[in-house]
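A structural walkthrough
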Amino acid sequence: MAAMAVLVMFFVAAALAAAGGAELVEHTFVVSQVKLNRLCNDTLVTVVNGQFPGPAIEVNEGDSVAVQVVNKSPYGLTIHWHGVKLQLNCWADGAGMITQCPIQPNKNFTYRFDVAGQKGTLWWHAHVGSLRASIHGALIIRPRSGASSYPFPKPDKEIPIVIGEWWEMDLDQLDKNLRNGYHLDMPRAATINGKPGDLYNCSGTVKDSNIVKVEHGKTYLLRIVNAALSSEYYLKIAGHKFTVVAADANYVKPYITDVIAIAPGETVDALLVTDAHPAGRYYMVAKASQSPKPVPQIPLFITRGIVQYSEGPRKEEEKALSDSSTSSIMAPEMPDEHDAATSFYFHGNLTSLQPQPVPANVHEHLFYALDGGFFCRKGESSCNNDTNMMGMVNNVSFQLPTTTPLLQAHYHGNMSSIGTLRELPDRAPRMFNYSETLEPTSKATSVRRLRYNATVEIVFQSPVLADTYANPMHLHGHDFLVLAQGFGQYNAETDVATYNLVDPPVRNTVHVPLFGWAAVRFVTNNPGVWFMHCHFGHHSSSGMAAAFVVENGPTLDSTLPPPPEDFPSCKTYNSRVSYE
């Protein structure tokens, strides 16, 4: 009966929204395995509706969304609506074994949620294992009153740019490898909108080129998503500059730059004015960054498309793209793959266009050390070289429950039934020892309980050793106010003075820089169980994660409603599925 009430509430909300001009936007996502040809090979890929990337969901602010997921793949899976706040609707978050059991093969489930108080570009993706590498797409939220109400020049056209990766291995096996500390698997190529671009001429001719056709003197809104598992990317277009106007569906003060730094999980909206002379062809290049040595180096991943002016070469000349010479196309000078400063300054230059008040009274001060550690394969405390390399937060490597999702256990008051449950420490048990030796870690389903409407400040600290890496930390169901970032070890006495308390950017994914730290605040005004994790696949799968349990508030409109009646069950456990 209670579950039926939730369904009624959804349709009542949809009806009320319709009365105000809002709509119910419906989609059907059929998840299946299809053969796609890239890099001269046919590869069996798990995708939505036969598309890579998947279909874009386009809504106006205030709309209600219903997406029926029909699972014809061999894997259990969920769909996460990355960045959508889902107020009082944690059940729709789609985080496997955090909020729900996976939708099993040959089953279906309909996600229902409202899009309220957000405008810009978000995205959706699978949230079981590493399936998001091929199951993802853009989620575009436009202002209710139309493009004329954008707080920037009205664009002539909008163009999604989804940066991703092409994998030629089973993504379920990839995730098993990552969870077992094996981090040597790599994608075959980087992609823009699902295509590797003309750098990959495996057959002797250029295939799979992205050609973005533009007209001179027009303004284009690029909606950029980093859907990759492995890398932050630098994006440039030769002969052009961007005006960044939004990030993670929050408007920012216009920021002019010739390079965009975008980490996995992040989205950026940027205006492109096509004013280049001559009006010809210009490369759009996405180049992956990586940590410097002594961190093990991975292959350099670069993909590129072509911005083609209509005043330039005509259609009959476009066949020249199949020739070996591309000398007529101007290419941008890209940052070095080890250049951390470009990313640091890009993220640091973003400020909010419509500043939110920064809560001054902080109830919870948390310090989360993001690091790698080892876990003995056989469980001993000392195991020589027989170890797994694991991601961790405050020396705890997150382990998903295997039988009951955290949200269901919390809602029914039986969290104690999860035998691996552990309270996440507020501080690292010991700070970085500045050595090259990995610390031992433990596995647990680490959670942090937070009372409703508390102001939480988190300082995320990346390693400051030579063996370091950046960490894009994503929190479900909430946005962060990003107060500051810095290089080196965070100093609580001096670094507070650098906080931006006037117009901090609002993000759902905060980029914690290489060799550095980032400080954020948020208010726990959305009850439920919300996953927090690094958006690098090798970090999240190996345990750099935790869950926040946000308690109910004192009133009905601050209390989590019951789950939908048709919520997926874990009773039909599929042993082939990797839940982590």
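Attention in this report is confined to the structure presented alongside it. Remember, it's a predicted structure, so these values are computed and weren't measured experimentally. (Residues numbered from 1 in each chain as written. Predicted model: local features only at pLDDT ≥ 70, side-chain atom pairs only at ≥ 80, totals over all residues. Heavy atoms only, no water.)

**Observations regarding the pairing of strand β11 (residues 211-214)**
- The side-chain alternation of β11 yields one buried face, formed by V212 and V214, and one unburied face, formed by I211 and K213.
- Relative to strand β19 (residues 302-309), β11 is paired through 4 bridges, and the arrangement is parallel. The residue bridging V212 from the neighbouring strand is V307, located in β19. (Buried < 20%, exposed > 50% of the residue type's maximum accessible area, 1.4 Å probe, protein only. Helix = DSSP H or I, 4+ residues; strand = E, 2+ residues; numbered from the N terminus. Pairing = 2+ DSSP bridges.)

**Points about the packing of aromatic side chains**
- The tally for this structure, following the rule as stated, stands at 23 aromatic pairs.
- Aromatic pair F29 and W124: ring centres 4.6 Å apart, planes at 40 degrees, arrangement tilted. Highlighted residues: F29 in strand β1 (residues 24-38) and W124 in strand β7 (residues 120-126), separated in sequence by 95 residues.
- Consider the rings of F109 and F567, whose centres lie 5.7 Å apart with planes at 80 degrees: the pair is edge-to-face. With a gap of 458 residues between them, F109 in strand β6 (residues 108-114) and F567 in the segment after β33 (545-550) connect regions that are remote in the sequence. F567 matches F109 in its accessibility class, with the two residues each being buried. (Phe/Tyr/Trp six-rings, centres within 6.5 Å; stacked < 30°, edge-to-face > 60°.)

**Points about the side chain of E165**
- With respect to the helices, strands and loops of the structure, E165 is situated in strand β9 (residues 157-166).
- One buried charged side chain, E165, makes no salt bridge at all; its nearest oppositely charged neighbour is R132, positioned 7.1 Å away.
- Ignoring any residue separated from it by four or fewer positions in sequence, one finds E165 in contact with F52, A133, P187, A189, A190, T191, A228, L229, S230, S231 and Y233. (Lys, Arg positive; Asp, Glu negative; His and termini not counted. Salt bridge = Lys/Arg side-chain N within 4 Å of Asp/Glu carboxyl O. Contact = heavy atoms within 4.5 Å.)

**Quick look at the sheet that holds strand β8 (residues 136-142)**
- If you walk across this open sheet you meet the 4 strands as β3-β8-β7-β5, and the pairing is mixed. Every other strand in the sheet has two partners, leaving β3 (57-60) and β5 (79-82) as the edge strands with one partner each. Across the sheet, the mean angle separating the axes of adjacent strands is 20 degrees when strand polarity is ignored.
- Pairing of β7 with β8 involves 6 bridges; the strand directions are antiparallel. (Axes fitted to C-alpha atoms, helices over the stretch in contact; angles between N-to-C directions.)

**Observations regarding helix α3 (residues 340-348)**
- Taken as a whole, α3 has its buried residues at T342, S343, F344, F346 and H347.
- Sitting at the amino-terminal end of α3 is D339, which places a side-chain oxygen 3.0 Å from the backbone nitrogen of A341. (Polar contact = N/O pair within 3.5 Å; in protein donor to acceptor, adjacent residues only side chain to side chain.)

**Things to note about the pattern of salt bridges**
- With the rule as written, the count across this model stands at 19 salt bridges.
- With a shortest N-O distance of 2.6 Å, K176 and D172 are connected by a salt bridge. You can see K176 and its partner D172 sitting in helix α2 (residues 171-179), 4 residues apart, about one turn around the helix.
- We classify K176 as partly exposed; its relative accessible area is 26%.
- A relative accessible area of 9% places D172 in the buried class.
- Put simply, E266 and R507 hold a salt bridge, and the shortest N to O gap is 3.3 Å. Here the residue E266 occupies a position in the loop between β16 (260-262) and β17 (267-273), and R507 occupies one in strand β29 (residues 506-507), the gap between them amounting to 241 residues. Both residues of the pair, E266 and R507, belong to the buried class.
- Beyond isolated ion pairs, a larger network of salt bridges with shared partners links E58, R142, E158, R223 and D269.

**Comments concerning unusual backbone geometry**
- Backbone torsion omega between F52 and P53 reads -5 degrees, so that peptide bond is classified as cis.
- Looking along the chain, the bond that leaves H277 and enters P278 is cis, with omega of 0 degrees.
- Of note, P278 is situated in the loop between β17 and β18 (281-288).
- The phi dihedral of N395 is positive, around 70 degrees, even though this residue is not glycine.
- Looking at the element boundaries, N395 is found in the loop between β21 (387-393) and β22 (396-398).
- Unusually for a residue other than glycine, N453 sits at a positive phi of about 65 degrees.
- Residue position: N453 is located in the loop between β25 (442-450) and β26 (455-461).

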